[in-house]
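Residues per chain, in single letters:
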Amino acid sequence: MKLLSGEEAAQAVASLAHRYATFDPAVEKTVAEIVSRVRTGGDATLLDYAHKFDGLAEGEAIRVSDEELQAALGMVSAEFIRAIETAAKNIRNFAEWQLPRPWVRTIHPGLRVGQAIRPLESVGCYAPGGRYPLPSTVLMTVIPAQVAGVKRIAVASPRPAPETLAAAAIIGVTEFYRVGGAQAIAAFAYGTDSIAPVNKIVGPGNTYVTLAKKLVAFDCGIDFLAGPTEIIYCATEGNAEFIASDLVAQAEHDPEALAIFITASTRLAKSVIKHATAMAKENTIASQSLGARGVVLIAKSRRQALDWTNELGGEHVTVPSEDVYDVKCAGSIFLGDHTAQSLGDYASGPNHTLPTGNVARYRGGLNVIDFVRIITLQEASRKGLEKIGPTVMLLAEAEGLKGHAASVRVRMKK
């Protein structure tokens, strides 16, 4: 890990704050071709790509049958099932607390306004199946959709591990496809004979998945574009071993993961580097990530450390509990020494599908609101129309929109 202070640290923050997603033009071209071919070629093209990239065997169905989903439960341990059930319960509770509520209120006599909450009709949930199959992502994407009331929830994952299938079965998934990459995103967006199109696609994935989501975003809703995992840990006091363990934990996701420790204590900084280096020694990916993308920034003060944290807008952000209200930009905030970031990755309840690349400057992580429409309501009585009508007519005429004014005037004359 690099240790930077003074002007070097400030320059690093300025540079990292602009780490917006950039993509290889050659890969973008490949993804565009895949999406276009699946859109026009349907199942035949989807099958070609599934055989080529997703490990689909000849004669194997794209859709996982209900029998296979149930059979996966016999391929995992009872302890795993209990762990999934515990995590699912916490994630469901959190989503239920997060769900917006409908309401109607009288804004003044004769005029009622409110909001209605309507679930999306269908969503496609993507669960990665590459280096690390992630059954936890099935929980994080499907359960909020269930809480929102989405009727059709489809999951796609290439080469799904028994644990992924078992997790899906436990939470009641009935539509599961063993396809991945850009081809899965295209199928969700535009539909094929085997896979009906969805209203929205959610879930993380590799560069091909991310680029495909970017490409279909104006034809089908998406959550956001997510890149390699990020961690920002900001503390001037604390347990160096705990801090190092979180840096290593997130770094092991990907050689391109970004691990940042911000502190005003040079002593703590050096101790964290020492522990992180030792912990990552037996973890090849974490070691690569910390070596290439790990940085420790020495701030002049606790205030500057927090300012840098906000400027960087990290995916996972840990700060001392007393600093919680100073954090404005983060995918998810973890508070204090004992809140290992892994808790949020699996089972504490909040979603682990989080924004990277400083997307946290304008939104947080995936949540139940991503699966509903918040539709406004308004209703005026004759009395309410008479009270607000003159205001509306005046404003409409000021804008030169005489028809708008007339639509109110004609009602007030009757």
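Everything discussed here concerns the structure shown above.
Here the structure is a predicted model, which means the values were calculated and not measured. (Residues numbered from 1 in each chain as written. Predicted model: local features only at pLDDT ≥ 70, side-chain atom pairs only at ≥ 80, totals over all residues. Heavy atoms only, no water.)

(A) Seen up close, the overall build of the protein. Within the protein, the secondary structure is distributed over 15 helices and 15 strands. In terms of overall dimensions, the protein has C-alpha extents of about 80 × 60 × 45 Å along its principal axes. Carbon and sulfur atoms make up 54% of the accessible area of the protein, which amounts to about 19,700 Å² in all. Of the side-chain charges in the protein, 42 are positive and 43 negative, and the distance between the mean point of each set is 10 Å. (Helix = DSSP H or I, 4+ residues; strand = E, 2+ residues; numbered from the N terminus. Areas by Shrake-Rupley, 256 points an atom, 1.4 Å probe, with all protein chains shown as cover. Lys, Arg positive; Asp, Glu negative; His and termini not counted. Charge placed at Lys NZ, Arg CZ, Asp CG, Glu CD.)

(B) Representation of the packing of helix H2 (residues 25-53) against helix H8 (residues 207-216) in the model. At a closest axis distance of 9 Å, the pairing of H2 and H8 adopts a crossing angle of 65°. Crossing angle aside, the handedness with which H2 passes H8 is right-handed. Facing H2, whose interface residues are Val-27, Glu-28, Thr-30, Val-31, Ala-32 and Val-35, H8 presents Thr-207, Tyr-208, Leu-211, Ala-212, Lys-214, Leu-215 and Val-216. Among the residues forming the contact of H2 with H8, the class breakdown is nine nonpolar, two polar and two charged. (Axes fitted to C-alpha atoms, helices over the stretch in contact; angles between N-to-C directions. Left-handed = near helix turned anticlockwise from the far one by under 90°. Contact = heavy atoms within 4.5 Å. Nonpolar A, V, L, I, M, F, W, Y, C, P; charged D, E, K, R; others polar.)

(C) How the structure looks around the sheet that holds strand E3 (residues 103-108). Within the open sheet, the three strands sit side by side as E3-E4-E15. Their pairing is antiparallel. The outermost strands of the open sheet, each flanked by one partner alone, are E3 and strand E15 (372-380). Ignoring strand direction, the axes of neighbouring strands in this sheet form an average angle of 20°. By the bridge criterion, five bridges tie E3 to strand E4 (residues 111-119) in an arrangement that is antiparallel. Among the inter-strand pairings, His-108 is bridged to a residue of E4, identified as Leu-111. Where helix H14 (residues 382-398) meets the sheet, its contacts fall on E3, E4 and E15, and the angle it forms with E3 comes to roughly 55°. (Pairing = 2+ DSSP bridges.)

(D) Up close: unusual backbone geometry. Non-glycine residue Arg-159 carries a positive phi angle of around 45°. Structurally, Arg-159 can be placed in the loop between strand E6 (152-156) and helix H6 (162-170). Assessed through its relative accessible area of 42%, Arg-159 is described here as partly exposed. Despite not being glycine, Asn-358 has its phi angle at roughly 65°, a positive value. On the basis of relative accessibility, which here comes to 3%, the residue Asn-358 falls in the buried class. (Buried < 20%, exposed > 50% of the residue type's maximum accessible area, 1.4 Å probe, protein only.)

(E) A look at the packing of aromatic side chains. On inspection of all chains with the given rule, the structure shows two aromatic pairs. On the numbers, 5.9 Å between centres and 10° between planes, the contact of Tyr-49 with Phe-53 is stacked. Within this pair, Tyr-49 and its partner Phe-53 are both found in helix H2, separated by four residues, close to a single helical turn. The side chain of Arg-39 reaches across the aromatic face of Tyr-190, ending 4.1 Å from its centre. Residue placement shows Arg-105 over the ring face of Trp-103; its charged tip is 4.7 Å from the ring centre. (Phe/Tyr/Trp six-rings, centres within 6.5 Å; stacked < 30°, edge-to-face > 60°. Lys NZ or Arg CZ within 6 Å of the ring centre and 35° of its normal.)

(F) Up close: the side chain of Asp-54. Counting through the fold element by element, Asp-54 comes out in the loop between H2 and strand E2 (63-64). Here Asp-54 is buried and forms no salt bridge, its nearest opposite-charge partner Arg-159 lying at an N-O distance of 4.7 Å. Among the polar contacts listed, one links the side chain of Asp-54 to the backbone nitrogen of Gly-180, at a separation of 3.0 Å. Excluding anything up to four places from it in sequence, Asp-54 contacts Tyr-49, Pro-158, Arg-159, Arg-178, Val-179, Gly-180 and Gln-183. (Salt bridge = Lys/Arg side-chain N within 4 Å of Asp/Glu carboxyl O. Polar contact = N/O pair within 3.5 Å; in protein donor to acceptor, adjacent residues only side chain to side chain.)

(G) Region of the structure containing the environment of Leu-215. Its place among the elements puts Leu-215 in helix H8. In this structure Leu-215 comes out as partly exposed when scored by relative accessible area, which is 44%. Between the C-alpha atom of Leu-215 and that of Glu-28, which follows or precedes it by 187 residues, the distance is 9.0 Å. Ignoring sequence-local partners within four residues, the contact set of Leu-215 consists of Val-31, Ala-32 and Val-35.

Everything listed is a geometric property; what it means functionally is a separate question.
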